[in-house]
Amino acid sequence: MLQVVSKFSLKYLFFLILCSGACSFLTFSTQAQTASPRKDSILLVSKVDTAYQKNKADTVLLKISKDSIPAQIDYEAQDSMVLDVDAKKIFLFGKTQIKYEDVLLNAPLIEFDQETQYVYAKMRRDSTGQVEGMAKLKQAESTTVSDSIRFNFKTQRGMTYASFFQQSDFFNFAEKVKKYDAETFFASKGRFTTCNLDTPHFAFRFSKAKFINKKLVVTGPVHPEFEDVPIPIYLPFGIFPMQKGRQSGILPPQFTVNENFGLGLEGLGYYRAINDYVDAKVWFDVYSYGSWRANFSPTYRKRYQYNGTFNLSLQNTKFAFKNDPDYSNSRSFFVTWTHSMDSKARPGVSFNASVNAGSSKYLRLVPNGALVNPGFTGNIAGAGNYMQPMNFTNQLTSTISYQKIWNGTPFNLAMNLSHNQNTSTKIVNLSLPDITFVMNTIYPFQPKESVGQSKWYEKLGVGYTGNYRGQITFYDTAFKFKQLIDTFQWGASHNVPIILSLPSLGPFQAAPNFSFKENWYAQKFYRTWNNTTNKLDTSIEKGFFAAREITMGFSVSTAFFGTYQAKKATAKVQAIRHVMRPLFSINYKPDLMKPYYSNQQINQRGDKLPLSVFDGSIFGPFSAERYGGMGFGIDNNLEMKARVKSDTGEAEIKKIKLLDGFGISGGYNLLADSFKLSTMSLYARSSLFDKINITANATLDPYKTNPVTGFRINQFAWNGGKFNMGRIVNGNINISTSLQSKKKDDKKPLVSEISQNENLTNDQIQQQLDYVRRNPAEFTDFTIPWTLSLSYSLTFTKLLQKDYTFKTELASSINFNGDFSLTPKWKVGANGYYDLNTMKIQSLTTFITRDLHCWQLSINVTPVGVYKFFNISISPKSGILRDLKINRTRYFYTQ
């Protein structure tokens, strides 16, 4: 048997055949055959080889034909190859392949015409009518699968019939496709869709279209169809962008219905990609009753330098119509700005901003109940953290910060402008500015080059922290410049700590300390009891005032270990370890604040309290009493080693934390006239089974109280015969857990997919994630059959009211969030907030989603809350057609 390796240049192949004087028809078999090869085939091959050897030295003198192609063609054929020398054609059969420059052609049957330089590729069916293979043409990043292909190697143009091809996220089919070049081709009588099935669930039908690779599709008359059923919605033409990344264009609106605002179009606007560094978006929400909202949001970025986003929203809200008794018209605004500086831009310098400010009524009147992003963590598939609607947000904060670190020195500077706004009380607090200068601990007696053992005084260190702050307070509904001047306060604090690091004394660690503090004040606040009006009269003295505090002490700490070891190696509990870390300190503080305190009557009963002239100042007064006593505390943790079964069923030793930490701390003042024992701080934290997180804190007061006034009296709680440790005056308990079933596969979560998209900027990635959080039903993870997150919070405290009476405030709530899959395609979920004080659900949102392969159905319902609403949406999964969705939304506002 003779085998011929069929990888040659076609130019050389035709030249050898013509020079050999061979017969006009040849067949080269490249498959193993059982019969013996024909004799003349062997002789012919020998002649070809002989002719090739004779002319090998003279090839440089040959003239190249004008119709020859500039590059070599490589071809393969699994079955056979046939050459027709007279017609100058070559036929390839079986699994064939032709490669020319960046063109790769595969088909069961290929015909190449040397004279016209056209190649014809066809599909083939077997005897039963089944398709054995399709004609496939790949050029650059464009791939076409067709019944037949006609392509010219020289002009790089061709025609395909009954062709399937993909462009970006579009899967396309056309009866006839004309390829103009590697990037452009024309199609007639076809469809395109984002569904990857051979028979798609939906598609857009067109009579003619032009495709520009990875840029756009321009069609003539186009209409949609579902399950091959045409929808009678026709457009005269269509422009469908396929280019990824930022593209300028019109933002389509979303139709909605609101009980208070009427019919509406939300999100109608325009997006403009100005350049690689700046883009901007303008959009409007318009309602039939006259309400509207305008939004302007530019973003900017410079890689490895900075990025930021600004948003300005103006809102005009109308309730009812004119001449209606319930008619009202109000205008409000809201501003947000975020800016972050890359740490590599200027090492040692950072500038960041997070601004959220506006009219208090804006959040209450915003019609869509938008969500505030308090910091996202967790699963976004309908089971992430509970998101707080803007209508329930009553606290706004802003910060603009600049930090400078001088490398090689202990100095650093921080400057902040902060804003705090309560939308319920309408009080706005501004810190303009807040400057902090820090000198980290330095050791002035430590030599630059230490030789031998260090002296004790070389461990003496000193530091400094200085803080200056200005503050303005006003009502956002009564803003006046004169009011800003009248309410402006300023203050400063200075802290100079001195430490000495002593070597360990066996198992004990000793550390002396000394601290000097000084505060500067802009005013004094005097209060005196008026027997005529039976209330406290107040007066303010402005000027420059200062107060000081000195503290010194000596502390000793150590650690003890206790272990229980099981005697049997087969015992389930192998060991228990208890670690105790006691702390003992002696402290002294002279009373430098006595001139600034006075006992004043506070009510008609004659009760008196020590009041300071620096109460209400920015940094507050130092404590008045002299302190000379001791402090004590102990921290504990408890661990266990247990024998548990591994995933393989074999026993293994596992370390389990029973209590991550629990302890108590307090102090005793030997120099105090009364109340020598301080309040006790109790705490505990644990992670049970690595699933349930528990934290608890409490403050224990060991003294009794006056049953009438509620003030403390100098008697211990355990005096009087009955054992009583004291009163818990404040505390909190938090219990949380998050459970989910095992995933079916290791598919990346949606957050990771978005974050790793190289075609999106950081700002666009953040916008995508925000959209996912606001619309969890549209991004449900169907690979997780169920998820459940629960958290319980209890907070209680005893507060002194303005009338100098005490009131215990208790807050208790449960947050829940979960979903489960009814089937692999259906998922149901809910999240909400239950207030145990009122025994009512304050907020509840439920959703149902259905995976429709290339589409997704989502139903969101909020039956409880200030803004009740429902939303039904059917939308494609592809990001290109995100705005092509059927949406129905309606809101109901509860006054």
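Residues numbered from 1 in each chain as written. Predicted model: local features only at pLDDT ≥ 70, side-chain atom pairs only at ≥ 80, totals over all residues. Heavy atoms only, no water.

### Some thoughts on the packing of aromatic side chains
Evaluated as defined, the whole model comprises 30 aromatic pairs. Seen from their ring centres, F334 and Y362 are 5.3 Å apart, and the 15° between their planes marks the pair as stacked. Taken together, the residues F334 in strand β26 (residues 328-341) and Y362 in helix α3 (residues 360-365) connect sequence positions 28 residues apart. One exposure class covers both F334 and Y362, and it is buried. (Phe/Tyr/Trp six-rings, centres within 6.5 Å; stacked < 30°, edge-to-face > 60°. Helix = DSSP H or I, 4+ residues; strand = E, 2+ residues; numbered from the N terminus. Buried < 20%, exposed > 50% of the residue type's maximum accessible area, 1.4 Å probe, protein only.)

### Here's the deal with the confidence of the model for the protein
Of the residues in the protein, 83% have a pLDDT of 70 or more, and the chain-wide mean is 80. Confidence drops under a pLDDT of 50 for residues 1-61, and excluding neighbours within four residues, the segment shows 64 contacts in the predicted structure. The low-confidence segment residues 369-390 (pLDDT under 50) makes 56 contacts with residues lying over four places distant or belonging to another chain. (pLDDT = per-residue confidence, 0-100. Contact = heavy atoms within 4.5 Å.)

### Here we look at a nonpolar patch on the surface
A surface patch of nonpolar side chains, about 680 Å² in accessible area, is lined by L739, W786, L788, L790, F820, L822, W826 and I848. Ranked by the residues each element gives to the nonpolar patch, the list is headed by strand β46 (residues 786-800), at three residues. Mapping F820 onto the fold places it in strand β47 (residues 806-821). (Patch = residues over 30% accessible without salt bridge, like charges linked within 9 Å, V, L, I, M, F, W, Y side chains within 5 Å. Areas by Shrake-Rupley, 256 points an atom, 1.4 Å probe, with all protein chains shown as cover. Salt bridge = Lys/Arg side-chain N within 4 Å of Asp/Glu carboxyl O.)

### Digging into the pattern of salt bridges
Scanning the entire structure with this criterion turns up 16 salt bridges. Linked through salt bridges whose partners overlap, the residues forming this network are D701, R712 and R727.

### A short note on a positive patch on the surface
On the surface, R577, K641, K655 and K657 cluster together to form a positively charged patch. On the basis of relative accessible area, K655 is assigned to the exposed category, the value being 53%. (Lys, Arg positive; Asp, Glu negative; His and termini not counted. Charge placed at Lys NZ, Arg CZ, Asp CG, Glu CD.)

### A closer look at the pairing of strand β45 (residues 727-740)
Here ten bridges tie strand β42 (residues 692-701) to β45, and the two strands are oriented antiparallel to one another. The partner of T699 across the bridge, within β45, is N730. (Pairing = 2+ DSSP bridges.)

### Notes on unusual backbone geometry
Following L432, the chain continues into P433 via a peptide bond in cis, with omega recorded as -15°. Non-glycine residue Y304 carries a positive phi angle of around 65°. Looking at the secondary structure, you find Y304 in the loop between β24 (292-302) and β25 (306-319). The phi dihedral of N534 falls on the positive side, at around 55°, and the residue is not glycine. Tracing the chain through its elements places N534 in the loop between β33 (509-530) and β34 (535-557). N534 sits in the partly exposed class, given a relative accessible area of 36%.

### What about the nonpolar core?
Counting residues in each nonpolar core, the largest one holds 22 residues, and the members touching the most others are L92, I98, L105, I110, V119 and F153. Among the elements of the structure, β2 (73-77), β3 (80-84), β4 (89-100), β5 (103-113), β6 (118-122), β9 (135-139) and β11 (148-152) are those that each provide at least two residues to this core. If sequence neighbours within four positions are ignored, V119 has contacts with I98, L105, I110, E111, F112, I149, R150, F151 and F153. The next biggest cluster of nonpolar side chains, apart from the first, holds 20 residues, and it includes A174, F185, F202 and V222. (Core = buried A, V, L, I, M, F, W, Y, C linked by side-chain atoms within 4.5 Å.)

### A look at the side chain of T144
Position of T144 relative to the elements: it lies in strand β10 (residues 142-146). Classification of T144 by relative accessible area gives buried; the value is 11%. Those residues in contact with T144 that lie beyond four places of it in its chain are A135, K136, L137, T160, S163, F164 and F165.

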